[in-house]
Structure formats: structure tokens, C-alpha cells
Amino acid sequence: MYNKDGKKRGHAIALFSGGLDSALAILMILQQNIEVTAITFMTHFGCDLGDRSSCGSNPYPAAEKFGFNVKLMHLGQKFVDLVLNPQYGRGKNMNICIDCRILMLKEAKELMEMVNADFIITGEVMGQRPMSQVKDKLFLVQNQAGLKGKLLRPLSAKLLPPTQAEIDGLVDRELLEGISGRSRKRQLELAKKFNLEDYPNPASGCLLTDSGYSNRLHDLIQHSEQINFDDLNLLRAGRHFRLNPDVKIVVGRDEQDNNAILACKQSHHYELEVLDVGSPVTLIIGNPTENDFQFAGAISARYTSARKEPIVKVRITNEEKSELISVKPADDSLIDKIILR
Ligand code: SF4
């Protein structure tokens, strides 16, 4: 599709999640013989390439099929700092969509200036998402990213003021769309037209939009002076229990969880093993007392085949100690009180 008449008319930088809308935005610009370099952003909050969420799909198959470049960019600590202190507030959960969009657009702007591209495109659709895609927020993120006139949303372009690329004739506005709202009807028609077959179902967004993850993150922020990447990654795995302000417990649900928890284990964590049965990986985080060890052992034992036994043995280890305790497995009423859902 790109350069079918042999002439490149310009160069756009695209924000590309791998989802349907951002793919369509790219295809609409490629069809105008404009080169596209797409950026797929990653963060510690779920936008992994392996995910099938709206912000975490593999960008390469579409890039290969339709002929555009993809650059992966991890937002790392910059994004974490915004999650901890967003300037524009949060959505229903811990999501910081406005700050997030501004950061991504600022990064895209830097790339645009570095490679001397002409403008930026996104797959945003006016009115599709409550926090960041209502009209005034579209203008807000554009202006805060310093992109007035330089940010084209091909799917909703006809509902928005013309950008410089349209005014200059680089982009034919007539070939753009005027889509608004949550219906995907027009997008599905366009997907058919462009022969775009493999795209994920719309999802609500990254992990920050998930209420369970958000509760665990909120708890972490409330009870930590400093937060590192392992702390954040650990929130993705296992069941989490807040015993008291000083102590949290994490218990693996299955082998995948157990491995993920072990990968995030830090030197100050205690590890528990319920003896003589298949034990879930269990970590105690914080400053536990002897009483807390008993509680943690009881909770860990609840998730073994010995949960109906009167007494089980649990080994507690960290870098400095190894201790054997006997506990009665916890009952579900205790679990319900302290589990972070
Ligand atoms: S859901 Fe919001 S915070 Fe999460 S990646 Fe998408 S825009 Fe950013």
C-alpha cells in the first residue's frame, strides 16, 4: 500500500497499540502515500507485547503486512512517576489516561523532531473513552504535549479542526473519517476495506483500569516509602493480603504465579513453605512480628491440601533466619477480611 505511486509525500509518527483503531489510523495515512513510523509504548502496567489488551498487542504482524516501521519504547520510571503523582487525576480506577497520553505524545514529538517527520497520528476516536477522548480532553492532551496543529486523529478528523498537514495539502481531509462514540461499526467496515484481519477485541485498557490491580497498587502506595519495579511487578501475581500497616503477604495461586512471585522476591522478603504438602510460594513483606509469622503461615496453609488439618508445619526463611512454626490453617472468614480484591 505504501508508496504505490512511487512518491513519498511526507512522514508521520504514529502511536500504535496494535489495536484496531490505531492500526486503521496508520492505514488511512499510508494510503495517502505518507511514510509511517509507529511507536508502541510499554509500561510496567500491562502493556506487554504478549497481552491481548487494547494497549498491549503485538505490533509486528500488521507492520510487516502493511509496510511500516515499529519502534518499541519503554516508558519505565517516567510512567511510574506519573502513576504515583498524576497531574490530571485518575479515571475510575488508578488509570491516569490524560497524563499517560500527554507523556506518550511528548515522546512521539521528540521522535518526530529527531527524524524530521511532519506530524503525529493516533487512533483516538472522539467520545469513545470517558476520561481521555472527550473533545476538550483531546485538545488538552494535544496542547500539553506542545502539538497544536501537529496532531492528526484520522478516525475523527472531520469532527476536529484541520491540522497543518491537512491545510498544507499533505493529507487529503476528504479521505479521513468523522467517527465519534463507542460503536465500532464504521471501524469494522474500514477493517474489511483495508483487509485488516487480525486485531484484538476492544479491552478496557492497561492494568491501571483493573479494579483488583488498582486496589493492590493503592495499598502499595499507602504503605510504602519507596516503590521499585519488582514491587510493581509483584502486584500482577498471586493473592495479596494486608495483615496490618507493616505487613503484607503474597500467596501464589498456581505454578505460573509461583514463578512470577519468586522472580520478584527481594532480599528483605521472608519466604514461607508449608511442609509435607504442595506449598504455594508465599512471601511476607514488611516488618513481621512472631504473631504475623503465625498469621502468614495459617494463610499459606489454607491454600494447600492440608487446609482441613488441625496443625501443619511451616518453614520461614530469609537471608538471616530459618524457623519452623506450627499453625492451624486459616478459615475463610479471616481470608475475606484481609484479602486485597
Ligand atoms: S488505559 Fe489509560 S493509563 Fe492505561 S495505557 Fe491506556 S491511556 Fe494509558
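None of these values were measured; they are calculated from a predicted model.

Novice: Teacher, can you tell me more about the domain arrangement of the protein here?
Specialist: Often, the extent of an interface is quoted as the loss of accessible area upon association of its parts. You can read the domains of the protein as domain 1 (10-207) and domain 2 (210-338). On a C-alpha basis, the centres of domain 1 and domain 2 stand 39 Å from each other. In this assembly, six residues from domain 1 lie in contact with 10 residues from domain 2. When grouped by side-chain class, the residues that make up the side of domain 1 that touches domain 2 number four nonpolar, two polar and no charged.

Novice: Where do I start with the packing of helix H1 (residues 20-30) against helix H7 (residues 185-193) in this structure?
Specialist: A packed helix pair is summarised by two numbers, namely the angle formed by the two axes and the spacing between the axes. Viewed as axis vectors pointing N to C, H1 and H7 meet at an angle of 55°, and their least axial separation amounts to 10 Å. As far as their axial angle goes, H7 and H1 are oblique. The handedness of the crossing between H1 and H7 comes out as left-handed. Contacts from Leu20, Asp21 and Leu24 of H1 reach H7 at Gln187, Leu190 and Ala191. Tallied by class, the residues present in the contact of H1 with H7 amount to four nonpolar, one polar and one charged.

Novice: Hey, could you run me through unusual backbone geometry in this one?
Specialist: Leaving glycine out, the prevailing phi sign among residues is negative, and the prevailing peptide bond configuration is trans. Despite not being glycine, Asn33 shows a phi value in the positive range, around 60°. The residue Asn33 is located in the loop between H1 and strand S2 (34-42) in this model. Positive phi is not limited to glycine here, since Asp276 has a value of about 70°. Here Asp276 shows up in the loop between strand S8 (270-274) and strand S9 (282-286).

Novice: Whenever I open this one, the pairing of strand S1 (residues 10-15) confuses me. Can you help?
Specialist: Along any regular strand, the residues point their side chains to alternate faces of the sheet. Pairing of S1 with S2 involves six bridges; the strand directions are parallel. Considered in S2, the bridge of His11 is made with Glu35. In terms of strand pairing, S1 meets strand S4 (residues 119-121) through three bridges, oriented parallel. When the bridges of S4 are listed, Ala12 appears paired with Phe119.

Novice: Would you take a moment to explain the sheet that holds strand S3 (residues 69-74) for this structure?
Specialist: As a general point, the strands of a sheet are linked pairwise by backbone hydrogen bonds and lie either parallel or antiparallel. Pairing is parallel in the open sheet, where five strands are placed in the order S3-S2-S1-S4-S5. Among the strands making up the open sheet, the edge pair consists of S3 and strand S5 (151-152). With two bridges connecting them, S4 and S5 associate as parallel partners. Each residue of the ladder has a partner; that of Ile120, found in S5, is Leu151.

Novice: Got a minute to help me understand the sheet that holds S8 in this structure?
Specialist: In space, the six strands of this open sheet follow the order S6-S7-S9-S8-S10-S11, with antiparallel pairing throughout. Taken across any chain shown, the strands that pair with only one partner, and hence form the sheet edges, are strand S6 (239-244) and strand S11 (322-327). Averaged over all pairs of adjacent strands, the angle between strand axes in this sheet comes to 25°, irrespective of strand direction. Sheet topology note: the S8/S9 ladder contains three bridges and is antiparallel. The partner of Leu272 across the bridge, within S9, is Thr282.

Novice: How should I be thinking about the nonpolar core in this particular structure?
Specialist: Note that soluble globular proteins tend to have their nonpolar side chains buried in a common cluster. Formed by 88 residues in total, the largest nonpolar core has its most connected members in Ala12, Ala14, Ile26, Ile29, Val36, Leu105 and Ile120. Looking at this core, you find at least three residues from each of domain 1 (10-207) and domain 2 (210-338). Setting aside chain neighbours within four positions, we find Ala14 in contact with Ser22, Ala25, Ile26, Val36, Ala38 and Ile121.

Novice: How should I be thinking about the confidence of the model for the protein in this particular structure?
Specialist: Low pLDDT means the predicted atomic positions in that stretch should not be read closely. Taken over all residues, the pLDDT of the protein has a mean of 92, while the share at 70 or more is 94%. Ignoring residues within four places in sequence, the model shows residues 47-54, a span with pLDDT below 50, making 24 contacts including any to other chains.

Novice: Please explain the environment of Val70 as it appears in this structure.
Specialist: Summarising the element assignment, Val70 is placed in strand S3. By C-beta crowding, Val70 is classed as partly exposed, having 19 other C-beta atoms within 10 Å. When the C-alpha positions of Val70 and Lys265 are compared, they lie 33 Å apart, and in sequence the two are 195 residues distant. Non-local contacts of Val70, meaning those with residues more than four positions away in its chain, are made with Phe16, Ala38, Thr40, Pro59, Tyr60 and Ala63.

Rules and cut-offs
- Residues numbered from 1 in each chain as written.
- Predicted model: local features only at pLDDT ≥ 70, side-chain atom pairs only at ≥ 80, totals over all residues.
- Domains from an automatic or database assignment.
- Contact = placed C-beta atoms within 7 Å.
- Nonpolar A, V, L, I, M, F, W, Y, C, P; charged D, E, K, R; others polar.
- Axes fitted to C-alpha atoms, helices over the stretch in contact; angles between N-to-C directions.
- Helix = DSSP H or I, 4+ residues; strand = E, 2+ residues; numbered from the N terminus.
- Parallel < 35°, antiparallel > 145°, perpendicular 65-115°, else oblique.
- Left-handed = near helix turned anticlockwise from the far one by under 90°.
- Pairing = 2+ DSSP bridges.
- Core = buried A, V, L, I, M, F, W, Y, C linked by C-beta atoms within 7 Å.
- Buried ≥ 20, exposed ≤ 12 C-beta atoms within 10 Å, placed from the backbone.
- pLDDT = per-residue confidence, 0-100.

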